[in-house]
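# A structural walkthrough
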Number of protein chains: 2
Amino acid sequence: MLNFIDGGVCAARGFRAAGVHAGVKTHAEWKKDVALIVSDVDCSAAAVFTKNVVKAAPIHVDLRHLADGKARAVIANSGNANACAPQGEENAERMCAAAAKAIGCKPEDVLVSSTGVIGQRIHVEAIEAAVPALCAALERSAEASDAAGHAIMTTDTLKKEVAVETTVGGKTVRLGGIAKGSGMIHPNMGTMLCFLTTDIAISPEMIKEALLETVAVSFNRISVDGDTSTNDTCLVLANGLAGNEPITAKGPDYNAFLAALRALCTELAKKMASDGEGARHLITCTVKGAKSEQSAETIAKSVVSSTLTKAAIFGADANWGRVLCAMGYSGEDFDPDRVTVRFASAAGDIQVCANGRGLDFDEELAKKVLTEHDVEINISMGEGEASCTCWGCDITYDYIKINGDYRT
Amino acid sequence: MLNFIDGGVCAARGFRAAGVHAGVKTHAEWKKDVALIVSDVDCSAAAVFTKNVVKAAPIHVDLRHLADGKARAVIANSGNANACAPQGEENAERMCAAAAKAIGCKPEDVLVSSTGVIGQRIHVEAIEAAVPALCAALERSAEASDAAGHAIMTTDTLKKEVAVETTVGGKTVRLGGIAKGSGMIHPNMGTMLCFLTTDIAISPEMIKEALLETVAVSFNRISVDGDTSTNDTCLVLANGLAGNEPITAKGPDYNAFLAALRALCTELAKKMASDGEGARHLITCTVKGAKSEQSAETIAKSVVSSTLTKAAIFGADANWGRVLCAMGYSGEDFDPDRVTVRFASAAGDIQVCANGRGLDFDEELAKKVLTEHDVEINISMGEGEASCTCWGCDITYDYIKINGDYRT
């Protein structure tokens, strides 16, 4: 009943998008750097923001604009984070005002996001000057979603875009999203921006609840480098054009929507982890047989966050000792003598540790398993019935290169 | 009254040391891999071990051998961690027994440490075979301390050795130590081994107290890669040959000793951070004007642990936004608008952020400042009177290279 479809952030009825080059990224003249997403009608809207004490200016603006749980549009830029920057909130408000004027709504119904360098004044004049062209480019198409998806990329190498279709209350409902990730991605939201659209009819309270539930089990289960940024934002707009009976409480309709939202966000989260800065591998760590899901999550997160484990996967080195080590410092208590570890991929499945002790294994096969792009670390705790999966990536020379000189 | 002196782990009266090649490291025939440190008389002894749930076999053995607070010797090897390995405790006991037999004491008076690969059986027969040569090589000299210091190195590029002399109760007291660090060093003890010797007369209870107090403000304030190992050990032997009135309670003598122990361990900790795997920079982060020392420590640790900050220092990029970002996700609450950040080194001192906002600064000078080996990140919180300093290193291509293929 749940199908992945094309169209990204324009898959849902009544959503148009665009992405153009405004000149925030002064050193890359061809690169799109401003995106706009607009709904034809008012939406229930909700967002989850970074837990970092240092919050970028757009987040403070969005918190005000979301007070009524309603929005019409999102304007976003890459190239400058508008965090710790002079005139931050003033300039974020100017972005909203420019978009509102062009599309004909109140500035308070526009949300704003920024990503890029911290601490420098955002070139808001360039964005304002680009808004007419941005508005003129708005359309409901896969190409438009693609343009918006590219406009929010920083060091990402791939655009992240997913859409799904499901049935809620007898009506076909669509959900889509674009996201940017790369460095600074970590449980509790890294420098990620994620804009979700859906045509479901749902109250502001319930869309917020659904977003919170979903982020906890998708984006908060990935890690790239352990750094949590000042700008992380995941927001959703729901415009009701699917014509379903509006969801105003938990129940079967809410659950059907939640399942679709989780599928959407999990795919976007995996794309982010897979495209971590310089990454060559997507690492999927599943912990089974744990005392609780919380315990399984803490352990799996510790493994995908371990710099040494990430370096071992980069080197296709079946160094399972580092996996045990990362489990051991996760903060969870467990009996190491019950732990089993397997490495798996399309090339095979190999057990490397049983009852906390190393096994003799085929090093040649292990190397093959770990040379695949998608690598699994499967852990069995032998302590209970709970499980959890988290995602990460390896750390490479390119990560250092990208981050050693990001500003220039 | 406190002087740094030569002699390392042999600086204190009555301590002899040696380091030889036994063959634990089969692929490096010339490399010393077993060390022995022996006191002429019984010592008060104490140790601090890793908090990792997965503890290496030698730690379980040491916990038993330290039950009476006494010891005579330490035997240690590099090349194999004897963690998650078959016959782990049995083999660790065999190392103690071999050393005890050669030097003429009880096995329970010998402590044991291992560092290296996890999960493979330690080649204990090679160590046993080497013990006679190791014992024959024992002497009290700078060269002997040097040999022992080299024998515990893994990916370390430099031996870590420090000694100090001070006066306690009218007597000259000496303290010395050797350590190994490199990867996996993190607050809460990384893969570090540290063996301290002193000729002070002190009770087992008080030497333990002094060690705990000191580790908290020295080794636990450094970070290399955030991974905490299975083998971390810091142990101290105090043989009383200085002839001071034995310390059995807190007071002026205890405080004088504590100051010397802290100076010793801080120097060793800085050497470890500075020689983190692949590191080119020692990063010293000092947080001043904080609400409490604990708060200052949490913030400073978060900064020196931030992968993105480490990558920026590697690239000599004055990307202070990452510093603020790491402060923000440290878990401490503070007002970003009061924060000031300066980068400093022998090449200059440059303010890059005031009141949480970026300043225009001389990028050329900033580059020079950050190109020095020793780089300071000085943060002022504007919230109180407390301060704390933590140490770390940059992350480089060589870190990835070293850890991408550690086992081969």
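Definitions and cut-offs
- Residues numbered from 1 in each chain as written.
- Chains lettered and ligands numbered in written order.
- Predicted model: local features only at pLDDT ≥ 70, side-chain atom pairs only at ≥ 80, totals over all residues.
- Heavy atoms only, no water.
- Helix = DSSP H or I, 4+ residues; strand = E, 2+ residues; numbered from the N terminus.
- Rg over C-alpha atoms; globule rule 2.2 N^0.38 Å.
- Buried < 20%, exposed > 50% of the residue type's maximum accessible area, 1.4 Å probe, protein only.
- Contact = heavy atoms within 4.5 Å.
- Salt bridge = Lys/Arg side-chain N within 4 Å of Asp/Glu carboxyl O.
- Pairing = 2+ DSSP bridges.
- Axes fitted to C-alpha atoms, helices over the stretch in contact; angles between N-to-C directions.
- Parallel < 35°, antiparallel > 145°, perpendicular 65-115°, else oblique.
- Left-handed = near helix turned anticlockwise from the far one by under 90°.
- Lys, Arg positive; Asp, Glu negative; His and termini not counted.
- Polar contact = N/O pair within 3.5 Å; in protein donor to acceptor, adjacent residues only side chain to side chain.
- Disulfide = S-S within 2.5 Å.

The subject of this paragraph is the overall build of chain A. Looking only at helices and strands, chain A features 11 helices and 16 strands. Computed over the C-alpha atoms, the radius of gyration of chain A is 22 Å, within 12% of the 22 Å expected from 2.2 N^0.38 for a compact globule of 408 residues. Seen along its three principal axes, the alpha-carbon backbone of chain A occupies a region of about 70 × 50 × 35 Å. The burial tally for chain A puts 65% of its 408 residues in the buried class. Expressed as a percentage of contacts within chain A between residues at least 6 apart in sequence, the contacts between residues at least 24 apart total 80%.

With that settled, consider the pattern of salt bridges. Residue and element names in this part refer to chain A. A complete count under the given rule lists 38 salt bridges over all chains for this structure. Between E297 and K301 there is a salt bridge; the shortest N-O distance is 3.3 Å. On the criterion of helical spacing, the pair formed by E297 and K301 is a turn pair, its members being four residues apart in helix 7 (residues 293-305). On the basis of relative accessible area, E297 is assigned to the buried category, the value being 10%. Residue K301 is classed as buried on the basis of its relative accessible area of 18%.

Further remarks concern the side chain of A:N91. Residue and element names in this part refer to chain A. Mapped onto the elements, N91 comes out in helix 2 (residues 88-103). Accessibility expressed as a relative area gives 0% for N91, which makes it buried. Those residues in contact with N91 that lie beyond four places of it in its chain are N82, P86, R121, I122 and V124.

On to the sheet that holds strand 14 (residues 357-358) of chain A, then. Residues and elements named next belong to chain A. Spatially, 9-16-11-15-12-13-14 is the arrangement adopted by the seven strands of the open sheet, whose pairing is mixed. At either margin of the open sheet sits one strand with a lone partner, and together these are strand 9 (222-223) and strand 14. Where strand 12 (residues 340-345) and strand 15 (residues 374-380) come together, five bridges link them in antiparallel fashion. Bridging across to strand 15, F343 finds its partner in I377. Packed onto the sheet, helix 6 (residues 252-274) meets strand 9, strand 11 (282-290) and strand 16 (386-393) and runs at close to 45° relative to strand 16. Each of strand 12, strand 13 (348-354), strand 14 and strand 15 is contacted by helix 9 (residues 320-328), which is oriented at about 125° to strand 12, the strand it contacts most.

All names here are of chain A. Interaxial distance between helix 7 and helix 9 falls to 8 Å at its minimum, and their mutual angle equals 130°. Our classification of the angle between helix 7 and helix 9 gives oblique. With respect to the hand of their crossing, helix 7 and helix 9 are arranged in right-handed fashion. Residues I299, S302 and V303 of helix 7 form the contact with helix 9, whose participating residues are V323, A326 and M327.

All names here are of chain B. Ordered by their spatial adjacency, seven strands build an open sheet running 9-16-11-15-12-13-14, and the pairing between neighbours is mixed. Lying at the two open borders of the sheet, with one neighbouring strand each, are strand 9 (222-223) and strand 14 (357-358). Contacting strand 9, strand 11 (282-290) and strand 16 (386-393), helix 6 (residues 252-274) crosses the sheet at an angle of about 45° to strand 16. Packed onto the sheet, helix 9 (residues 320-328) meets strand 12 (340-345), strand 13 (348-354), strand 14 and strand 15 (374-380) and runs at close to 125° relative to strand 12.

All right, on to the side chain of A:R72 then. All names here are of chain A. Relative to the helices and strands, R72 resides in strand 4 (residues 70-80). The side chain of R72 sits in the buried core without any salt bridge; D42 is the nearest counter-charge, 4.4 Å away. Polar side-chain contacts of R72 include one of 2.7 Å to the backbone oxygen of S39. Non-local contacts of R72, meaning those with residues more than four positions away in its chain, are made with I37, V38, S39, D40, V41, D42, I103, G104, C105, D109 and L237.

Moving on, we come to helix 8 (residues 307-314) of chain B. All names here are of chain B. Counting buried positions over the eight residues of helix 8 gives eight, a clear majority of the element. Of all the residues in helix 8, the buried ones are T307, L308, T309, K310, A311, A312, I313 and F314. Between a side-chain oxygen at the N-terminus of helix 8 and the backbone nitrogen of T309 the separation is 2.9 Å; the capping residue is S306. Positive phi appears at A316, one or two residues downstream of helix 8, with a value of about 50°.

Once that is clear, we can look at unusual backbone geometry. Only a minority of non-glycine residues have a phi that is not negative, and only a minority of peptide bonds are not trans. Located in the positive-phi region is A:C84, a residue other than glycine, with phi close to 55°. Considering the arrangement of structural elements, one finds A:C84 in the loop between strand 4 and helix 2. For A:C84, a relative accessible area of 7% corresponds to the buried category. In this structure, B:N355 takes a positive phi of about 50° despite not being glycine. Mapped onto the secondary structure, B:N355 falls in the loop between strand 13 and strand 14. Note on B:N355: relative accessible area 48%, which makes it partly exposed.

All names here are of chain A. Across the six residues of strand 12, five count as buried, placing the element largely inside the fold. As defined by bridge partners, strand 12 adjoins strand 13 across five bridges and the pair is classed as antiparallel. Following the sheet pairing, A344 is matched in strand 13 by D349.

Residue and element names in this part refer to chain B. With respect to burial, strand 4 (residues 70-80) is a largely interior element, nine of its 11 residues being buried. As paired elements, strand 3 (residues 34-49) and strand 4 share seven bridges and run antiparallel to each other. Residue I37 lies in a different strand from strand 4, and its bridge partner there is V74.

Residue and element names in this part refer to chain B. Evaluated as defined, the whole model comprises zero disulfides over all chains. Note on C10: no disulfide assigned, nearest cysteine sulfur contributed by C43 at a separation of 13 Å. With no disulfide of its own, C393 has C390 as its nearest cysteine by sulfur position, at a separation of 13 Å. Given the relative accessible area of 1%, C393 is considered buried.

In short, shape yes, function no, at least from these values alone.
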